[in-house]
Number of protein chains: 2
Amino acid sequence: MSPSDAARAALNRELVLRAAMTLAGESGIESLSMRKLGQSLGVEAMSLYHHVANKDDLLDGMVDAVFAEVDLPAAGVGWKTAMRRRALSMREVLSRHGWAIGLMDSRTTPGQATLRHHDAVIGCLRAGGFSVGLTAHAFSAMDSYVYGFVLQERALPFGTAEQTAEVAQAMLAQFPAGAYPHLVELATAHVLQPGYDYGDEFEFGLDLVLDGLERAAARES
Amino acid sequence: MSPSDAARAALNRELVLRAAMTLAGESGIESLSMRKLGQSLGVEAMSLYHHVANKDDLLDGMVDAVFAEVDLPAAGVGWKTAMRRRALSMREVLSRHGWAIGLMDSRTTPGQATLRHHDAVIGCLRAGGFSVGLTAHAFSAMDSYVYGFVLQERALPFGTAEQTAEVAQAMLAQFPAGAYPHLVELATAHVLQPGYDYGDEFEFGLDLVLDGLERAAARES
DNA sequence: GGTACAGCCTTACACCGTAAGGACCCCGAC
DNA sequence: GTCGGGGTCCTTACGGTGTAAGGCTGTACC
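Residues numbered from 1 in each chain as written. Chains lettered and ligands numbered in written order. Predicted model: local features only at pLDDT ≥ 70, side-chain atom pairs only at ≥ 80, totals over all residues. Heavy atoms only, no water.

Participant: So what's going on with the protein's contact with DNA strand D? Which residues, and what values?
Facilitator: In the vicinity of DNA strand D there are 17 residues, among which Glu44, Ser47 and His50 of chain A together with Ser33 and Arg35 of chain B approach most closely. Among the atoms of DNA strand D close to the protein, meaning within 4 Å, 46% are from sugar or phosphate groups. Between a phosphate oxygen of DNA strand D and a main-chain N or O atom of glutamate 44 of chain A, the distance comes to 2.6 Å. Separating a base nitrogen of DNA strand D from a side-chain N or O atom of arginine 35 of chain B is a distance of 2.6 Å. With three residues, the top contributor of residues to the surface near DNA strand D is helix H3 (residues 34-40) of chain B. Grouping the constituent residues of the surface near DNA strand D by class yields seven nonpolar, five polar and five charged. (Near = heavy atom within 4 Å. Polar contact = N/O pair within 3.5 Å; in protein donor to acceptor, adjacent residues only side chain to side chain. Helix = DSSP H or I, 4+ residues; strand = E, 2+ residues; numbered from the N terminus. Nonpolar A, V, L, I, M, F, W, Y, C, P; charged D, E, K, R; others polar.)

Participant: Let's hear about the relation of the copies chain A and chain B: which residues, and what values?
Facilitator: For the pair chain A and chain B, the best superposition has an RMSD of 0.1 Å and corresponds to a rotation of 180° with a translation of 0.0 Å parallel to the axis. Both copies are brought into coincidence by an operation consistent with a two-fold rotation axis. Closest approach to the rotation axis among the C-alpha atoms of chain A is made by glycine 148 of chain A, whose C-alpha sits 1.8 Å away. (Least-squares fit on C-alpha atoms with pLDDT ≥ 70 in both.)

Participant: Give a description of the interface of chain A and chain B that names residues and reports values.
Facilitator: Taken together, the contact pairs 58 residues of chain A with 58 residues of chain B. Across the interface of chain A and chain B, roughly 4800 Å² is buried in total on both sides, 68% from carbon and sulfur atoms. Taken together, chain A and chain B are joined by four salt bridges. The residue arginine 154 of chain A makes a salt bridge to aspartate 105 of chain B at a minimum N-O spacing of 2.6 Å. Taken together, the connections running from chain A to chain B amount to 16 residue pairs in polar contact (both at pLDDT 80 or more). At the level of elements, helix H6 (99-104), helix H7 (112-127), helix H8 (132-155), helix H10 (181-191) and helix H11 (201-220) of chain A are the ones that each hand at least two residues to the side of chain A that touches chain B. (Contact = heavy atoms within 4.5 Å. Buried area = accessible area lost by both parts, 1.4 Å probe. Salt bridge = Lys/Arg side-chain N within 4 Å of Asp/Glu carboxyl O.)

Participant: With reference to specific residues and values, describe the protein's contact with DNA strand C.
Facilitator: As a matter of local geometry, DNA strand C sits amid 17 residues, with Arg35 and Lys55 of chain A together with Glu44, Ser47 and His50 of chain B nearest to it. For DNA strand C, a phosphate oxygen lies 2.7 Å from a polar atom in the side chain of serine 33 of chain A. The dominant element in the surface near DNA strand C, judged by the number of residues it contributes, is helix H3 (residues 34-40) of chain A, at three residues. Taken together, the residues of the surface near DNA strand C break down into seven nonpolar, five polar and five charged.

Participant: So what about the packing of aromatic side chains? Which residues, and what values?
Facilitator: Residue and element names in this part refer to chain A. One pass over the structure, following the stated rule, counts 12 aromatic pairs over all chains. Where phenylalanine 175 meets tyrosine 180, the ring centres are 4.9 Å apart and the plane angle is 70°; that geometry is what we call edge-to-face. The buried category is assigned to phenylalanine 175, whose relative accessible area is 15%. The class for tyrosine 180 is buried, based on a relative accessible area of 12%. Taken together, Tyr145, Phe149, Tyr198 and Phe202 form an aromatic cluster joined through their ring pairs. (Phe/Tyr/Trp six-rings, centres within 6.5 Å; stacked < 30°, edge-to-face > 60°. Buried < 20%, exposed > 50% of the residue type's maximum accessible area, 1.4 Å probe, protein only.)

In structure tokens:
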């Protein structure tokens, strides 16, 4: 068995998924094609179909692999702390794999890691005394907020806090005079001030949701 | 000028956008191609490029057209009522044009209707006494929640409440025995009960956010 | 009457996902 | 030892995609 054979034998679903995630991170999900993915693995496109049913299956696997990276809610710290940490972890992972959020709207068959994660979240809330109904409310509210935040963060026309200034200023310069006065005020008086980072908005909204859930839970018992 | 000429002369950017939105609604955004869009307008694909710079511009226009359908926050009703109504309208519009939320993550150049909408929201909050900083917090929190909810709603493997039962039951049946116990409990004891509709979760989370903002605003003044 | 241009067209290219089927190699059965 | 089966990878091919390049025609204005 030659080294190149060994390299070939090593190819499997997980390696394909990992390479796809790397490629998506480097060049963007929209330029991820079976041919390029094969190329990055030293293999023809059609060979990938031995490890993945089709491209949709590949994308499903990528999303599930992202969920697998998210910390499960910790035990023994109270539901609020556990949920807060989990939300921060989820947001960090989704931001790191920015392509994932755009995939979620077309993926309707959750993978094992996704199911395991959801199960752990629900279990944590139930253990924290939430009724089944309130658990459903809480689950929906928290995840909606986290996904939506990442989506909005991604849709911003800039990545780092440093880029914000120039991009925003270029945009403002193109507005007709007097247009969107409140937007302009918010941008100039706040967003363009040194040190502003949209990412910092995450925890404010998260605590809004968590505090609200805490009150709802107290009202329930 | 013959009638067919008149029909041709009528083709413009807005008509192209409208046809694209109809097509996306009928057949899904992933099957929307320039050729099919041209066909639906009785025109060759390349002719569309006189009304739209490229496909990205088309998608930008579609998203902006969706924002144009959302009610602007009403004046004279207090920020909380206005924001609540706006959120309900946004969710209704985004659910109606289900393809839009998937487009948002790849669109970084907001259109006029989008900017006008955001400006009105910011103006409403400022008029309600929010500081610039709290306005940024509120804006981020509310929109994150709404977008995220629609995204999650879309990712569910069923559309109507009626479909829920059969799809969920088919899924549960495939789980290994004893797997995901909390998920199974939530599904059987709550989601699969008659009358459950995931869409009803929207207002609970929305009020969580709005009530939290009200407290934050009170704390500020 | 000439000319510019708007609107639509045809042709062509490089890319995409994947169906169909063939070559090779390892592994277990005889 | 050899024979067959199956896993892995390959080549080829088809029908789709977005869009660059350029041609044709009719209308609008100098």
